[in-house]
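Analysis of the macromolecular model
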Amino acid sequence: MDLHRLQSADGDAVFTRTLDSESLHKFAAVEGLGSLTTEPLDMRLERITRLARRALNAGGVMVSWRDEGGGWLHCGSGPVERVASDAGDEPIWLEALRTQDQWVQRDEGSVPYLTAIRLVDSERNLVGALVLFDEAQNKRGKYDHDRLRDYAAWVETELRVQQLYRGQERLLEELYMARHQALKDHLTRLWNRHAMVELMARELQRAERQVIGTGLLIASLDQIDLGTQEPDEQTDSMLKTAADRLTTAVRPYDALGKFGGNEFLVMLPSCPAHAVIDVADRMLLNISAQPMDTPTGPMMLTMSMGTAHAGPNDRLDPENLIKAADVALARARESGGNTVVEAQPSDYKTG
């Protein structure tokens, strides 16, 4: 499975950290199944046809099977092009194999002798055929047909392993993306509170092995007072605009989330304490860079911000850090807004 493709599907560098242990075990199981299919399917099938051709001293052996789109694919050993071109969109043996296990053609067309063995899936549905052909007249008996059936069973196993792997891969992709969406705020499409706390817990554990630490920033729009103001279309528009502007101010590996009705939270991995204020100042500039259009005219957006920092020896959990930043945010609001306030040592409650 291309896990990197999943991780970078929407540009979220921190998406890798949203996998819980159960999901990791599921992905590992599918990767284990995938290790059985490290070679492309057509290469594995071509190897089987090569062995069958030698064992049966045949002019050629070919596998025809349906792809996921319903079309027919062909690969094999020997001059299979003529047989494949004769097969076309609907192989000549297809109708016969719907009702019988084997179909034989003698001395017709460009190939003197042709035997097709049906291939079925786990539910006994016809999915393809293993086809033996001879360049010269070579009447095949029961022994050859039985050996060909043995090779057909091998081909069926390869097709079923491939189908199982692809099915499990698609299922996990769907589950993975569903979990991803469940961790997003529906309005801003930023990480929600649950996701941010989970990301912070993992980042703080990782940061204990470093000397730089992790920064945290909580911000709220000064123009919205959700204590007395009911959310409406304009407040939603302001929050979405703020989310877009904050996104352009953070580093690709930072985590930006919607934390409350009017609050945003930013986690800054590998960020020294002094740099947290620099990031906050840059965000203030982005928020107020230009007026926001509203039905009543242009409106300037400003924010109050509180910052906190966890060093490698601080042993803080997410809630400790959030509370410290929240206390600093309250001071920023009380001072009139549009400012950044840093948490004081007494704001970090570890008891």
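Residues numbered from 1 in each chain as written. Predicted model: local features only at pLDDT ≥ 70, side-chain atom pairs only at ≥ 80, totals over all residues. Heavy atoms only, no water.

**Description of the sheet that holds strand β6 (residues 214–221)**
Defined as follows: DSSP bridges decide pairing: two strands pair if at least two such bridges lie between them. Secondary structure is summarised from DSSP: a helix means a run of H or I of at least four residues, a strand means a run of E of at least two, and numbering begins at the N terminus for each. Axis definition: a line fitted to C-alpha atoms, limited for helices to the stretch in contact. Angles are taken between N-to-C directions and run from 0 to 180 degrees. The criterion used for residue contact is that any of the two residues' heavy atoms lie within 4.5 Å.
With mixed pairing, 5 strands are arranged side by side in an open sheet as β7-β8-β6-β9-β10. Looking at the sheet topology across the chains shown, the edges are occupied by β7 (255–258) and β10 (339–342). The mean inter-strand angle of the sheet, taken between neighbouring strand axes irrespective of direction, is 20°. Where β6 lies against strand β9 (residues 303–310), 8 bridges are found, and the strand directions are antiparallel. Within β9, the position partnered with leucine 216 by the bridge is alanine 308. Most of the contacts of helix α9 (residues 273–287) go to β9, to which it runs at about 160°, and overall it touches β6, β8 (263–268), β9 and β10.

**Details of the packing of aromatic side chains**
In plain terms, the rule: For Phe, Tyr and Trp, where Trp contributes only its six-membered ring, two rings pair if their centres lie within 6.5 Å, and the inter-plane angle classes them as stacked under 30 degrees, edge-to-face over 60, or tilted in between. Accessibility here uses a 1.4 Å probe with only protein chains present; expressed as a share of the type maximum, an area under 20% marks a residue as buried, one over 50% as exposed, and anything in between as partly exposed.
In the structure shown here, the tally under the stated rule is 1 aromatic pair. Taking 6.4 Å as the distance between ring centres and 25° as the angle between the ring planes, the aromatic pair formed by tyrosine 151 and tryptophan 154 counts as stacked. Within this pair, tyrosine 151 and its partner tryptophan 154 are both found in helix α6 (residues 142–182), separated by 3 residues, close to a single helical turn. Among the residues examined, tryptophan 154 registers a relative accessible area of 36% and is labelled partly exposed.

**Side note on the nonpolar core**
Here is a general trend for soluble globular proteins: nonpolar side chains tend to be buried in one another's company. So the rule is basically this: For our purposes a nonpolar core is just a set of buried Ala, Val, Leu, Ile, Met, Phe, Trp, Tyr and Cys residues, chained together by side-chain atoms within 4.5 Å.
Judged by nonpolar contacts, the single largest core of 30 residues is most densely connected at Leu221, Phe264, Met283, Met303 and Met305. Secondary structure elements with two or more residues in this core: β6, α8 (233–247), β8, α9 and β9. Sort the elements by how many residues they give to this core and α9 lands first, with 7 residues. Sequence-distant contacts of methionine 303, defined by excluding residues within four places in its chain, comprise Ala219, Ser220, Leu221, Asp222, Ala242, Leu246, Phe264, Leu284, Ile287, Gly337, Asn338 and Thr339. The next biggest cluster of nonpolar side chains, apart from the first, holds 25 residues, and it includes Met196, Ile218, Ala255 and Ala332.

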